[in-house]
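Take a look at the letters that make up each chain.
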Amino acid sequence: GNSVTQMEGPVTLSEEAFLTINCTYTATGYPSLFWYVQYPGEGLQLLLKATKADDKGSNKGFEATYRKETTSFHLEKGSVQVSDSAVYFCALGSGNTPLVFGKGTRLSVIA
Amino acid sequence: DTEVTQTPKHLVMGMTNKKSLKCEQHMGHRAMYWYKQKAKKPPELMFVYSYEKLSINESVPSRFSPECPNSSLLNLHLHALQPEDSALYLCASSPRDSSNQPQHFGDGTRLSIL
């Protein structure tokens, strides 16, 4: 079946540091890949998405590239801010099967 | 601002109470979802409605009863819940019932069972 493996947190960074959160997947067919972010006390928000190999999703300075050869969709940001502190979920969607989430990575950015 | 509205934001109820959670979206989406999220865990799918018909029930206990009165509204009726049902309940919607499409989430109802 489909699955997503996401690096375990928590991750603590200083402001303006470079962020990478690793995500790899296992799937049959041609899944879509997503990063969702959950700020404290809120629901999940779609951060970015990619629907086919080599697509790059980007939003708010975050980027992730759909790499079919390495089955990966790593999240990156060049310079994090305190306001980026949240839990980040990698997710995989494929047709009529339910969305599959990774376990989530908690990011704390300190000033 | 979220485009999926959930009420109430917080709910405390006893194990013998009956209550309902409500979810509303006006994006014209035809698929709506209920998820349960425990602390420090990803959301777990409970139910999926597609074109106002129940299409997926992930073996959820019958003390949870979903209802989709129309294409914009989704309810979750609660009865005789257990303490382990305390969690954040999230509603989501997407244009169609395909997980290739991004889902839009509400801010959830935080439920506590006494």
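Residues numbered from 1 in each chain as written. Chains lettered and ligands numbered in written order. Predicted model: local features only at pLDDT ≥ 70, side-chain atom pairs only at ≥ 80, totals over all residues. Heavy atoms only, no water.

*Asks:* Help me understand the packing of aromatic side chains, please; the structure alone is not making it clear to me.
*Replies:* Each pair of aromatic rings is reported with the distance of its centres and the angle of its planes. All chains considered together, the criterion is met by ten aromatic pairs over all chains. On the numbers, 5.8 Å between centres and 35° between planes, the contact of B:F64 with B:Y89 is tilted. Taken together, the positions of B:F64 in strand 7 (residues 64-70) and B:Y89 in strand 9 (residues 87-94) put the pair 25 residues apart, joining distant regions of the chain. Like B:F64, the residue B:Y89 is buried in the burial classification. One aromatic cluster is present, built from ring pairs that chain together A:F34, A:Y36, A:F89, A:F101, B:Y33, B:Y35 and B:F105. (Phe/Tyr/Trp six-rings, centres within 6.5 Å; stacked < 30°, edge-to-face > 60°. Helix = DSSP H or I, 4+ residues; strand = E, 2+ residues; numbered from the N terminus. Buried < 20%, exposed > 50% of the residue type's maximum accessible area, 1.4 Å probe, protein only.)

*Asks:* What is the right way to read unusual backbone geometry from this model?
*Replies:* Backbone geometry follows two general trends: most residues other than glycine have a negative phi, and most peptide bonds adopt the trans configuration. Residue A:P10 is reached from A:G9 by a cis peptide bond, and omega for that bond is -10°. The phi angle at A:K60 is positive, at roughly 55°, despite the residue not being glycine. Mapped onto the elements of the fold, A:K60 is located in the loop between strand 7 (56-59) and strand 8 (62-65). In this structure, B:S59 is a non-glycine residue whose phi angle is positive, near 55°. Structurally, the position occupied by B:S59 is in the loop between strand 6 (53-57) and strand 7.

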